[in-house]
Amino acid sequence: MGGRFLHTLAVSALVVSCMGYGPMDEERFDTGLSDAGSGVTGRGLFILNEGHFMYGDASLSYYDTERRAVENEVFARANAQKLGDVAQSMVIRDGIGWVVVNNSGVIFAIDANTFREVGRVKGFTSPRYIHFVSDEKAYVTQIWDPRICIVDPSSFSVTGYIETDMDYDSGSTEQMVGFGDYVFTNCWSYQNRILKIDTRTDEVVDELVVGIQPASLVLDCNGKLWTVTDGGYEGSPYGYEAPSLWRIDAETFKVERRFDFRKGEHPSELQLNGAGDTLYWINDDIWRMEVSADNLPVRPFIEYSGTLYYGLTVNPVNGDVYVADAIDYDQNGTVLRYSPDGELTDSFTVGITPGAFCWR
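Residues numbered from 1 in each chain as written. Predicted model: local features only at pLDDT ≥ 70, side-chain atom pairs only at ≥ 80, totals over all residues. Heavy atoms only, no water.

Topic: the overall build of the chain
Moving on, step 1. In terms of regular secondary structure, the chain is built from three helices and 29 strands.
Moving on, step 2. Expressed as a percentage of its 360 residues, the buried residues of the chain come to 57%.
Moving on, step 3. Summarising the internal contacts of the chain: among those between residues at least 6 apart in sequence, 48% fall at separations of at least 24.
Moving on, step 4. For the chain, the accessible area works out to roughly 14,700 Å², and carbon and sulfur atoms hold 45% of it. (Helix = DSSP H or I, 4+ residues; strand = E, 2+ residues; numbered from the N terminus. Buried < 20%, exposed > 50% of the residue type's maximum accessible area, 1.4 Å probe, protein only. Contact = heavy atoms within 4.5 Å. Areas by Shrake-Rupley, 256 points an atom, 1.4 Å probe, with all protein chains shown as cover.)

Things to note about the packing of aromatic side chains
Each aromatic ring pair is specified by the distance between its two centres and by the angle formed by the two planes.
Moving on, step 1. Counting across every chain of the model gives 15 aromatic pairs.
Moving on, step 2. Ring plane angle 90 degrees and centroid distance 5.8 Å describe the contact between Phe-46 and Phe-115, whose orientation is recorded as edge-to-face. Residue Phe-46 is located in strand β2 (residues 44-49), and its partner Phe-115 is located in the loop between β8 (106-111) and β9 (117-121); the two are separated by 69 residues in the primary sequence. Each member of the pair, Phe-46 together with Phe-115, is buried.
Moving on, step 3. Summarising the aromatic geometry, the rings of Tyr-63 and Phe-348 are spaced 4.0 Å apart at their centres and angled 10 degrees between planes, so their arrangement reads as stacked. In this pair, Tyr-63 is assigned in strand β3 (residues 59-64) and Phe-348 in strand β28 (residues 344-352), connecting sequence segments 285 residues apart.
Moving on, step 4. Of the residues examined, Tyr-63 reaches a relative accessible area of 0% and is grouped as buried.
Moving on, step 5. An aromatic cluster is built from Tyr-63, Tyr-322, Phe-348 and Trp-359, whose rings are joined through pairwise contacts.
Moving on, step 6. Arg-147 extends its terminal NZ or CZ atom over the ring of Tyr-161, reaching a point 3.9 Å from the ring centre. (Phe/Tyr/Trp six-rings, centres within 6.5 Å; stacked < 30°, edge-to-face > 60°. Lys NZ or Arg CZ within 6 Å of the ring centre and 35° of its normal.)

Quick word on the nonpolar core
Moving on, step 1. In terms of nonpolar packing, the biggest core is built from 19 residues, with Leu-60, Leu-83, Met-90, Val-99 and Phe-108 touching the most fellow members.
Moving on, step 2. Contributing elements (two or more residues each) for this core: β2, β3, α3 (74-79), β6 (87-93), β7 (96-101), β8 and β29 (354-359).
Moving on, step 3. Listed in part, the 14 residues of the second largest apolar core include Phe-259, Leu-279, Val-291 and Ala-293. (Core = buried A, V, L, I, M, F, W, Y, C linked by side-chain atoms within 4.5 Å.)

A look at the sheet that holds strand β21 (residues 254-260)
Moving on, step 1. Pairing in this open sheet of four strands is antiparallel, and the strands run β18-β19-β20-β21 from one edge to the other. Strands at the two margins of the open sheet, each flanked by one partner only, are β18 (218-219) and β21.
Moving on, step 2. The pairing of strand β19 (residues 224-229) with strand β20 (residues 244-249) spans six bridges and is antiparallel. By the bridge assignment, Trp-226 is partnered in β20 with Arg-247. (Pairing = 2+ DSSP bridges.)

Some words on the sheet that holds strand β15 (residues 182-187)
Moving on, step 1. Read across the open sheet, the four strands follow the order β14-β15-β16-β17; overall the sheet is antiparallel. Two strands in the sheet have a free side with no partner beyond their single neighbour: β14 (176-179) and β17 (203-209). The sheet shows a mean angle of 25 degrees between the axes of neighbouring strands, direction not considered.
Moving on, step 2. Across six bridges, β15 lies against strand β16 (residues 193-198) in antiparallel orientation. Across the sheet, residue Thr-185 finds its bridge partner in β16, namely Leu-195. (Axes fitted to C-alpha atoms, helices over the stretch in contact; angles between N-to-C directions.)

Things to note about the pattern of salt bridges
Side chains bearing opposite charge may pair, as long as their charged atoms lie close to each other.
Moving on, step 1. Following the criterion strictly, the structure yields 18 salt bridges and no others.
Moving on, step 2. With a closest N to O distance of 2.9 Å, Asp-145 and Arg-147 form a salt bridge.
Moving on, step 3. One salt bridge in this structure joins Asp-249 and Lys-224, with 2.6 Å as the shortest N-O distance. Here Asp-249, found in strand β20, pairs with Lys-224, found in strand β19; they are 25 residues apart in sequence, far enough to count as distant.
Moving on, step 4. Residue classification places Lys-224 among the buried positions, given a relative accessible area of 16%.
Moving on, step 5. Several salt bridges converge on common partners, so that one network encompasses Lys-224, Arg-247, Asp-249 and Glu-256. (Salt bridge = Lys/Arg side-chain N within 4 Å of Asp/Glu carboxyl O.)

Regarding unusual backbone geometry
Moving on, step 1. With phi around 55 degrees, Phe-156 is a residue other than glycine that occupies positive phi space.
Moving on, step 2. Topologically, Phe-156 is positioned in the loop between β12 (148-152) and β13 (157-162).
Moving on, step 3. Despite not being glycine, Phe-253 has its phi angle at roughly 55 degrees, a positive value.

Some words on the pairing of β7
Moving on, step 1. With respect to burial, β7 is a largely interior element, five of its six residues being buried.
Moving on, step 2. As defined by bridge partners, β6 adjoins β7 across six bridges and the pair is classed as antiparallel. Bridging from a neighbouring strand, Ala-87 pairs with Val-101 of β7.
Moving on, step 3. In this antiparallel pair of consecutive strands, β6 and β7, the connection spans two residues, and Asp-94 shows a positive phi of 55 degrees.
Moving on, step 4. Looking at chain direction, β7 and β8 are connected through six bridges and run antiparallel.

Observations concerning the environment of Phe-253
Moving on, step 1. Note on placement: Phe-253 falls in the loop between β20 and β21.
Moving on, step 2. You can call Phe-253 buried: its relative accessible area is 3%.
Moving on, step 3. When the C-alpha atoms of Phe-253 and Leu-225 are compared, they prove to be 8.8 Å apart, with 28 residues separating the residues in sequence.
Moving on, step 4. Excluding anything up to four places from it in sequence, Phe-253 contacts Phe-184, Ile-194, Leu-195, Lys-196, Asp-206, Glu-207, Leu-208 and Ile-248.

Examining the confidence of the model for the chain
Moving on, step 1. Mean pLDDT over the chain stands at 91; residues scoring 70 or higher make up 88%.
Moving on, step 2. Low confidence marks residues 1-18, where pLDDT is under 50. Its contacts with residues over four positions away, or in another chain, come to 46 contacts.
Moving on, step 3. Under a pLDDT of 50 for its full length, residues 34-39 has, in the predicted model, 11 contacts with residues more than four places off or in other chains. (pLDDT = per-residue confidence, 0-100.)

The following block contains the structure:
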């Protein structure tokens, strides 16, 4: 979720202690789960709800795509404890879900079927995304720390760091994708680079300059990296330009194409379908484009409805598109489910500020 924190919050985030996680008042919260928690069926979707920044009210929802049933607050109800402050991202590996909670500086490992905690990794400044290199090693990017953490998943511990040449005031790393022996990551906050990391040495071995603030990163079926830049903002000390979509060959690490948006537009949440041949993103409307296209699309896939589209994912099996509507960042949000043809087929209420998804 590139650009989740406004730059105006940067100072307060550094000087105010992170909102914690911990036991809940059992008299105020029902810790029981329905059938979805005791043995989920079919393919499902986790929804990470950020909550209010600095309020410690992030939550995790689960949607059973076969039953079309949603369970909210599944982490809290399964573990009788709060998830923490700003649920950022999640990945599942070998039946374990790794939930990154940014402002609480923790990653929870949970059983993907029961939602119960099996471990946690602490010691981060501000974790954003986790990427598994192997069963013994994972990388974790951060927003307020230019270093990338090296984690041993088996011991739930930080074992080292990958140094970058960025400083703490203007350096961060974001999403990661793997290609052979390398991992690529986009540098978002006040940056304009994609870094190439050798996983055998845990070192940055190359970098590529793109537009201002690359906010997403994906790898398509042809071995091409795609990133969308947000262009910064008016008055930014780092600059302000039209956002752009970039295609980079992962093998040669060279830019192949650049597609320009209009200045003032806000493309974000770049995603791929399961086949890896079609891109999706948010730019007020929901847009999609084949990776072989020569031009940006002129008509949206799903039209803007006057609300706040904040998160996006595509079912890798059947191509259904899910859009998170944050509404106003204050009340519980909604997730909209669309068919591959753009027909609205379901909607359901989740937690406050839904922003990220993870397929089970």
